[in-house]
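Each chain, letter by letter, is given below.
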Amino acid sequence: MANFPHLQLAYVGKLRAIFRPDRRQNAEVTAIKGRRGQHAATLRGLLEGLEGNYEVMSVARFESGLPPVPANAGFLLRLPEGANADGIAHALGVELVAEADGGFILVASEDLTFARIREVLAQFEADQRGGGAAASMLEVFTGPDDPRRLSRILSPDVLSLWPWADDQVFTFDLSFQTAPSLRTVAFPRLKKRGTETPEEFAVRKRAGRDAILVQASDRWAEAAEQRFHQLMTLVNYYEGTLLIGMANDPERVAARGIVFADCFQVRVRMSGRGFKDVVLNSPHLFEVAQPEEAQLPDSVAAPGATAQVQVSAPMAGAPTVCVIDSGIEEGHLWLAPAIDTASSRCFLPGVTREAVQDETSGAGHGTRVAGAVLYPATVPPAGAVQPIAWIQNARVLNAAGKIPTELSPPRYLQDVVEHCAASERATKIFNHSIGGEVPCPVSRMTAWAAKMDELSALRDVLFIQAAGNLWTSGANAANPGIYEHLQANRNYPDYLLEGSSRVSNPAQSLQALTVGAVSGAILTVANQKSFTDEPGQPSPFSRAGFGMWQAVKPEVVEIGGDLLRNTAGLAMPAPHTDLSVELLCATHNGAAAYAKDGVGTSFAAPKVAHVAAQLQVLFPTASPLLYRALIVQSARWPAWAEAAPDKDRVLRLIGFGRPDSLRATDNATTRITLITPDAVEIRNKDLHLYAVRIPAGLRNLGADSQVRMEVTLSYASEPRRTRRSRNGYLRTWLDWRSSGLNEPFEAFKQRMTGPSATRRRTYTQPAWTLHYVDQHGEAEDTHRGRGTVQKDWALVNAHDLPEILGIAVRAHAGWDHRPEEGLARYCLVVSFEAVGAELPIYTLVAEAQVPVQAEVPVEVTVLPR
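The present account deals with the structure reproduced in this document. (Residues numbered from 1 in each chain as written. Predicted model: local features only at pLDDT ≥ 70, side-chain atom pairs only at ≥ 80, totals over all residues. Heavy atoms only, no water.)

Overview of the sheet that holds strand E4 (residues 95-99)
Strand order across the open sheet formed by four strands is E4-E5-E3-E6, with antiparallel pairing between neighbours. If you trace the sheet from one side to the other, it starts and ends with E4 and strand E6 (139-141), each paired once. Sheet twist, expressed as the mean angle between neighbouring strand axes with direction ignored, is 30 degrees. Running at roughly 150 degrees to E4, helix H3 (residues 85-92) makes contact with strand E3 (73-78), E4 and strand E5 (104-109) of the sheet. (Pairing = 2+ DSSP bridges. Helix = DSSP H or I, 4+ residues; strand = E, 2+ residues; numbered from the N terminus. Axes fitted to C-alpha atoms, helices over the stretch in contact; angles between N-to-C directions. Contact = heavy atoms within 4.5 Å.)

What follows is the structure in structure tokens.
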């Protein structure tokens, strides 16, 4: 039980948010409007070429004995950067297949006459209403083998192999779009019935729209099946093999694949000739990538200590952490009583479900990760021990520490969550210390990372994800290791900021909590020394950020060890016991039960999973969004990071810092934390308003009294892989705003919801470290709103605090464009802490809060706007 428990934030109400429109003009669009006739004629000529292409191609395929392909034209459009791709594609009557970088979109049309586009062009040419979308068609590229199209469909490593040798066999992951824009769904307008309350009308309206969405989802599922079977026609013709397939009914296709709301992915082994036919004649294909190779840190079966310890089972209602890894030595003395053996399962294809042992070489991997969840600091050598959590064992790596080609990472994530979250323990926390060997791509969210985001949003689970490691020596010039960086005169920690050192897939997942590693000790031995100069600096192998869309990744760090480097000349970095972390060992290769010999982000992540388990003890029924928010809220930068002039560099290396379990779970006389005790639902264009009363006893303190104010918003929303932009990837995206210093609460409320004429007066904002606009805080390359966990903090003079601090959580439309629709779920955390003085903040602020009379907002709440 916490001595100074977190308090509930006071919810004021739901209002309608006002967002300032972007009125900037695009120079290319302006120029096109000055030559309407020429632009329309150029586009018509391109469309006529597309019309004839299909007829010519169909005849050629028939004469060559090739399978027919559907009548569907795919092409590439370039739009103004930041344009509403979804709205423009709908206006043109084409299907948005996928967004790509540089303003490009892949589109498809079953209407080979392009009647709707021709209508828009005629309206544009005559400067009539309805022709505006034509001005946004900056360029059109119709060739299926156009380099601009290929570079946006083929991943860089696959593109480097193009054109593929006809007879060479490849294995690729193919992704196909299946669901069009929601703009294609007709929602009838409903009227309020005479006796109906606003709440009843809102419920009826949403129920009707949800039913229509279910019908649309059924149609999209049929489209997915059709596109899958069209693909299989080509795969079978070229005698290819479906390694991982797709079907809505597992009984019909034995090898199930990866299905998302808007697309599916399959893994195929086939000749280069066959893949070329697929790429050039599949309008709905938007990605071709190579299967990801997993990376595990090196491990040796080192001798270590042995001891006598009495480990008892966790409490019956204790939290559960699922370890998705290489299996676990379930009979291990320090683990056995805490293993939920009833749920243990092997997800490897062709292997029995009971084969759950950790078979990796050396001291194992999953065993070590599971041990770090239960014993994050040191392994207790003796005495009575009761672990804080149960461990579930989900084996997905083979004895070589690899993911078999026949097992897709998104597939096993789906299966593991369905298995564990649906179990009696209803698992919420999943530790995933597995990642790719190379930096994550940033052109599009991968299927691996997107599946994490989807499961986080729809199943309300939390993935604790390792940031990934650099090898001591790299595989090639494009993926250098630490030694190659030093050899090229890229010194520590500068080489961690290279693009090749970016977090590995799937650590870029927006809704996972990504964990990097920092050192726990420093060492000098003869002509060798640790890479770090003080504890808390980034481990020399820990991959860095930013992630997709400049989001902070990793968000937090934990101790993961260090290496020795040679001070007298270039030499291979080496491990050392004094720089390693203490971990349990799998004993099948002769290792002791535990040893201080491990390094890696793999072993930093489970230490954070331990804190998540502590939070689940305090808040057993809460959404894990609260655990993520409190973990990030508790993180702090060490002194070296606070003093660093380049805060972007700090964010990339260690995120928000190292969590503190005491700050996450408790407060003190000088600190108070207020929270939403569970996840809150919010819909597009809604604003949820919260208020924290600041007592006069705090506001009347002298000028030398400072308060550290921290706010963290943690949210989740359903993703769409086919969307490239941050705003379009999520169904609904959120941000938060706070009242200014000395700003009256009603003035803040009006500023957030009133027309621009009533928002002219400005109030000084706290000196936020990140701010909500690039280059307005201490960081220049990012801002707090880039990710789905949004933390910011500021030092404020106590006498500058407002009487009521207002916090507004705002919902923006993502791929679901409909006002009052869409959906995101969030938790909000606000903290105040005295700086350099023993101020009784907890008591002062706690006594000033108005008791919460009602629960936080629920789905049917309808308040005046």
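More follows now that the structure is in view.
Regarding the sheet that holds strand E34 (residues 804-813)
Strand order across the open sheet formed by four strands is E2-E30-E34-E32, with antiparallel pairing between neighbours. The open sheet terminates on both sides in strands that have one partner only, identified here as strand E2 (10-16) and strand E32 (732-738). The average angle at which neighbouring strand axes cross in this sheet is 20 degrees, direction not considered. Pairing of E2 with strand E30 (residues 686-693), which is carried by six bridges, proceeds in the antiparallel orientation. In the sheet register, Ala10 faces E30, and the bridge partner there is Ala691.

Notes on helix H8 (residues 198-237)
The end-to-end C-alpha separation of H8 is 58 Å, in line with the 58 Å expected for 40 residues at 1.5 Å each. With its phi angle positive at about 55 degrees, Glu239 sits one or two positions after the end of H8. (Expected span 1.5 Å × (residues − 1).)

Thoughts on helix H15 (residues 624-634)
Extensive coverage of H15 is indicated by the burial of 11 of its 11 residues. Of all the residues in H15, the buried ones are Pro624, Leu625, Leu626, Tyr627, Arg628, Ala629, Leu630, Ile631, Val632, Gln633 and Ser634. (Buried < 20%, exposed > 50% of the residue type's maximum accessible area, 1.4 Å probe, protein only.)

Focus: the pairing of strand E31 (residues 706-716)
By the criterion of burial, E31 is predominantly enclosed, with 10 of the 11 residues buried. One ladder, built from nine bridges, connects E31 with strand E33 (residues 789-797); its direction is antiparallel. Opposite Arg708, over in E33, you have Leu795 as the bridge partner.

A few points about unusual backbone geometry
A cis amide bond links Trp162 to the next residue, Pro163, at an omega of -5 degrees. On the secondary structure map, Pro163 appears in the loop between helix H7 (156-159) and strand E7 (169-177). Geometrically, the link from Gly545 to Phe546 is a cis peptide bond, its omega value of 0 degrees lying close to zero. Summarising the element assignment, Phe546 is placed in the loop between strand E23 (528-530) and strand E24 (556-559). With phi around 55 degrees, Glu239 is a residue other than glycine that occupies positive phi space. Exposure remark for Glu239: the relative accessible area of 73% places this residue in the exposed category. In the Ramachandran plot, Asn489 falls in the positive-phi region, its phi being about 65 degrees despite a non-glycine side chain. Note on placement: Asn489 falls in the loop between helix H13 (482-487) and strand E21 (513-518).

Here's the deal with the layout of surface pockets
In this structure, the second largest pocket encloses a volume near 1,100 Å³. Together, 41 residues line the second largest pocket, and Ser155, Pro156, Asp157, Val438 and Pro441 are the ones closest to its centre. Those elements giving two or more residues to the lining of the second largest pocket turn out to be helix H6 (147-153), H7, strand E10 (263-271), strand E11 (285-289), helix H11 (409-421) and helix H12 (447-459). Partitioning the lining of the second largest pocket into residue classes produces 19 nonpolar, 10 polar and 12 charged. (1 Å grid on protein atoms, 1.4 Å probe; cavity = no way out; pocket = protein on both sides within 12 Å on 5 of 7 lines; lining within 4 Å. Points joined across faces, edges and corners; volume = space filled by probe spheres on them. Nonpolar A, V, L, I, M, F, W, Y, C, P; charged D, E, K, R; others polar.)

Brief notes about the side chain of Ser717
Counting through the fold element by element, Ser717 comes out in the loop between E31 and helix H20 (726-729). Note on Ser717: relative accessible area 2%, which makes it buried. A distance of 2.7 Å separates the side chain of Ser717 from the backbone oxygen of Leu823, its partner in a polar contact. Once residues lying within four places of it in the same chain are set aside, the contact partners of Ser717 are Asp453, Ala457, Gln511, Leu730, Arg731, Thr732, Leu823 and Ala824. (Polar contact = N/O pair within 3.5 Å; in protein donor to acceptor, adjacent residues only side chain to side chain.)

What about the pattern of salt bridges?
Evaluated as defined, the whole model comprises 47 salt bridges. Here Asp86 ties to Arg723 by a salt bridge, and the two come within 3.2 Å at their closest N and O atoms. With Asp86 in helix H3 and Arg723 in the loop between E31 and H20, this pair connects stretches of sequence that are 637 residues apart. Residue Asp86 is classed as buried on the basis of its relative accessible area, which comes to 10%. Residue Glu821 is joined to Arg209 by a salt bridge in which the shortest nitrogen-to-oxygen separation is 2.8 Å. Linking Glu821 in the loop between E34 and strand E35 (824-835) with Arg209 in helix H8, this pair joins segments that are 612 residues apart in sequence. Residue Glu821 shares its accessibility class with Arg209, and that shared class is buried. (Salt bridge = Lys/Arg side-chain N within 4 Å of Asp/Glu carboxyl O.)

Describing the nonpolar core
In this structure, Trp334, Ile391, Ile464, Leu626 and Ile654 are the most contacted members of the largest nonpolar core, which totals 87 residues. Per-element accounting of this core gives the leading share, nine residues, to helix H14 (residues 601-618). Ignoring anything within four residues of it in the chain, the contact list for Ile464 reads Ile429, Phe430, Asn431, His432, Leu513, Val515, Ala605, Val608 and Ala609. Leu234, Ala551, Val707 and Val796 belong to the second largest nonpolar core, which has 86 residues in total. (Core = buried A, V, L, I, M, F, W, Y, C linked by side-chain atoms within 4.5 Å.)

Interpretation in functional terms is not warranted from these geometric data alone.
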